[in-house]
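This is what each chain is made of:
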Amino acid sequence: MAVRKLAPEEIQPDSFTFSSENMAFVAQQIAKYPPGRQASAVIPLLWRAQEQAGGWLPRKAIEKVAELLDMPHIRVMEVATFYTMFNLEPVGKYFIQFCGTTPCALRGAGDIKKVLERRVGEQNHVSADGNFSWLEVECLGACCNAPMVQINDDYYEDLTTENFEKLLDDLAAGRPVKKGSQVGRRSSEPQGDVKTLTDPHLYDGSQVGAWRKRFEEEAASTASAGEAAAATASAPSTPKPAKPEAGRAIESEAADTPAKRAKEGEAPISQTERKEASDGKRATAVEARTEDAAKPAPQSDKSYVATPSKPSGGAPTPDAPSTPVAGTPPSDTPQRRDGSESKPDVTLDKSNKPS
Ligand code: FES
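Residues numbered from 1 in each chain as written. Predicted model: local features only at pLDDT ≥ 70, side-chain atom pairs only at ≥ 80, totals over all residues. Heavy atoms only, no water.

### Some words on the overall build of the protein chain
Logical step 1: Along the protein chain, the regular secondary structure elements total eleven helices and five strands.
Logical step 2: Contacts in the protein chain between residues at least 24 apart in sequence constitute 57% of all its contacts with a sequence separation of at least 6.
Logical step 3: Accessible surface, the protein chain as shown: approximately 25,700 Å² in total, 54% of it carbon and sulfur. (Helix = DSSP H or I, 4+ residues; strand = E, 2+ residues; numbered from the N terminus. Contact = heavy atoms within 4.5 Å. Areas by Shrake-Rupley, 256 points an atom, 1.4 Å probe, with all protein chains shown as cover.)

See the structure below:
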């Protein structure tokens with residue numbers, strides 16, 4: 001990359017002022033950011049200053065942007081000299097950015113460069129008629145249509161020495177030119193015959209959703225096969241007959257209705273019987289639930305005492321209570337530490353029978 005430095009003093013303008021239209025743009029850009037953060041608008045302001053100055057940034061334009069954004073001059077100078085999108089010296093009416101990166105180089109960019117050198121001269125140099133200047137840049141992202149150049153804001157692709165010379169002639173003469181591919185290819189589709197995706201059904205809409213339909217059919221067939229297998233595995237050898245009333249509401253007669261009484265020959269309920277039935281005093285008394293009644297009854301008034309760990313590792317000790325003999329009166333049993341009665345002591349004889 002060439003050294004990026006400001007143009008010589010002798011070609012620097014004495015002043016720079018944004019036009020009223022561009023000042024409105026400047027105010028709009030600054031308003032995008034909160035107070036104290038207006039420096040964030042430095043790149044759009046430099047870009048607009050470059051456009052107004054004819055494609056390059058004079059020193060005075062850089063300083064004007066710094067003043068508008070309340071930034072030190074050197075900070076804006078750093079931005080302007082860092083980004084190659086900012087030209088620091090005058091450019092031609094048609095500023096050509098020539099891509100010399102590998103894909104373009106493999107497709108003949110070297111020949112395009114020779115045309116530029118012959119017709120325009122060295123890069124960063126404006127032609128004698130003021131129409132052209134050029135600069136070699138890195139990949140511009142149109143490698144599919146290499147080799148290519150960018151002229152001002154537009155791409156010109158699929159260049160050959162012949163069509164590029166003609167392009168320069170037309171631009172110099174002010175004739176309309178074709179942007180994009182210079183060999184008539186659309187976008188970045190294959191050059192020459194199309195060899196892939198040639199099925200016309202791909203473009204008539206008949207394939208829309210076909211993939212989904214195929215997946216749905218596969219899923220449905222898998223599910224039905226699984227259900228059939230599950231039904232076969234779970235079906236009993238002699239299936240029970242289905243209950244005819246299964247799933248239906250059970251019809252039952254009301255318990256005690258005038259119609260039922262009349263049907264069964266009983267007398268209807270008299271007014272006296274109704275009154276007695278509704279008498280609260282004759283109703284079954286329900287004890288009111290008191291707070292004490294709501295509490296659970298205490299199990300005992302003794303607190304829990306943890307059993308001490310056995311020093312013998314769980315083996316019975318001589319004085320430890322053992323299994324009581326059936327039929328021993330509870331009153332004869334010793335008291336536990338917690339005060340409750342334990343089961344009676346049992347003494348085993350040598351035959352391991354209770355004595
Ligand atoms: S290499 Fe030239 S556009 Fe990518």
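Structure's up, so let's keep going.
### Some points on the nonpolar core
Logical step 1: Membership of the largest hydrophobic core comes to 28 residues, with the highest contact counts inside it found for Ile96, Phe98, Leu116, Phe132, Val149, Ile151 and Phe164.
Logical step 2: Those elements giving two or more residues to this core turn out to be strand E1 (94-99), helix H6 (109-119), strand E2 (132-137), strand E3 (149-151) and helix H7 (161-173).
Logical step 3: In terms of residues, this core owes the most to one element, E1, which gives five residues.
Logical step 4: Membership of the second largest hydrophobic core comes to 22 residues, among which are Phe16, Val26, Ile62 and Val79. (Core = buried A, V, L, I, M, F, W, Y, C linked by side-chain atoms within 4.5 Å. Buried < 20%, exposed > 50% of the residue type's maximum accessible area, 1.4 Å probe, protein only.)

### Observations concerning the packing of aromatic side chains
Logical step 1: Inspection of every chain in the model, using the stated rule, returns five aromatic pairs.
Logical step 2: Between Phe98 and Trp134, the aromatic rings sit 6.0 Å apart at their centres with planes inclined by 85°, giving edge-to-face as the arrangement. With a gap of 36 residues between them, Phe98 in strand E1 and Trp134 in strand E2 connect regions that are remote in the sequence. In this pair, the class of Phe98 matches that of Trp134, namely buried.
Logical step 3: Note that Arg48 overlies the ring of Phe25, its terminal NZ or CZ placed 3.8 Å from the centroid.
Logical step 4: When the ring centre of Phe215 is taken as origin, the NZ or CZ atom of Arg214, which lies over that ring, is 4.9 Å away. (Phe/Tyr/Trp six-rings, centres within 6.5 Å; stacked < 30°, edge-to-face > 60°. Lys NZ or Arg CZ within 6 Å of the ring centre and 35° of its normal.)

### Focus on the packing of helix H1 (residues 20-30) against helix H2 (residues 42-52)
Logical step 1: Across the interface, H1 lies against H2 with an axial gap of 10 Å and an inter-helix angle of 170°. Considering the angle they form, H1 stands roughly antiparallel to H2. Of the residues in H2, those in contact with Asn22, Phe25, Val26 and Gln29 of H1 are Pro44, Leu45, Arg48 and Gln52.
Logical step 2: For the contact of H1 with H2, the per-class residue count stands at four nonpolar, three polar and one charged. (Axes fitted to C-alpha atoms, helices over the stretch in contact; angles between N-to-C directions. Parallel < 35°, antiparallel > 145°, perpendicular 65-115°, else oblique. Nonpolar A, V, L, I, M, F, W, Y, C, P; charged D, E, K, R; others polar.)

### Remarks on the sheet that holds strand E4 (residues 154-157)
Logical step 1: In space, the five strands of this open sheet follow the order E2-E1-E3-E4-E5, with mixed pairing throughout. Taken across any chain shown, the strands that pair with only one partner, and hence form the sheet edges, are E2 and strand E5 (180-181).
Logical step 2: Across three bridges, E1 lies against E3 in antiparallel orientation. Among the inter-strand pairings, Gln97 is bridged to a residue of E3, identified as Gln150.
Logical step 3: Contacts from H6 reach E1, E2 and E3 within the one sheet, and its direction differs from that of E1 by about 150°. (Pairing = 2+ DSSP bridges.)

### Description of unusual backbone geometry
Logical step 1: At the junction of Ala146 and Pro147, the peptide bond is cis and its omega measures out at -5° in the coordinates.
Logical step 2: Its location among the elements puts Pro147 in the loop between E2 and E3.
Logical step 3: Phi angles above zero are rare outside glycine, and Asp158 is one such case at about 55°.
Logical step 4: Of note, Asp158 is situated in the loop between E4 and H7.
Logical step 5: Look at Asp158 and you get buried, because its relative accessible area is 3%.
Logical step 6: Residue Leu197 is not a glycine yet carries a positive backbone phi of 55°.
Logical step 7: For Leu197, the location among the structural elements is in the loop between E5 and helix H8 (210-234).
Logical step 8: Looking at Leu197, the relative accessible area reads 60%, which means it is exposed.

### Remarks on H7
Logical step 1: Between its first and last C-alpha, H7 extends 18 Å over 13 residues, near the 18 Å set by a 1.5 Å rise per residue.
Logical step 2: When H7 is considered as a whole, its buried residues turn out to be Asn163, Phe164, Leu167, Leu168, Asp170 and Leu171. For H7, the arc enclosing every buried residue in end-on projection is 165°, short of the 170-degree limit, so these residues lie on one face. Exposed residues on H7 whose side chains face more than 90 degrees from its buried face are Glu162 and Lys166.
Logical step 3: Its buried side turned inward, H7 meets E1, H6, E2, E3 and E4.
Logical step 4: At the C-terminal side of H7, Gly174 shows a positive phi close to 80°. (Expected span 1.5 Å × (residues − 1). Arc of directions from axis to C-beta.)

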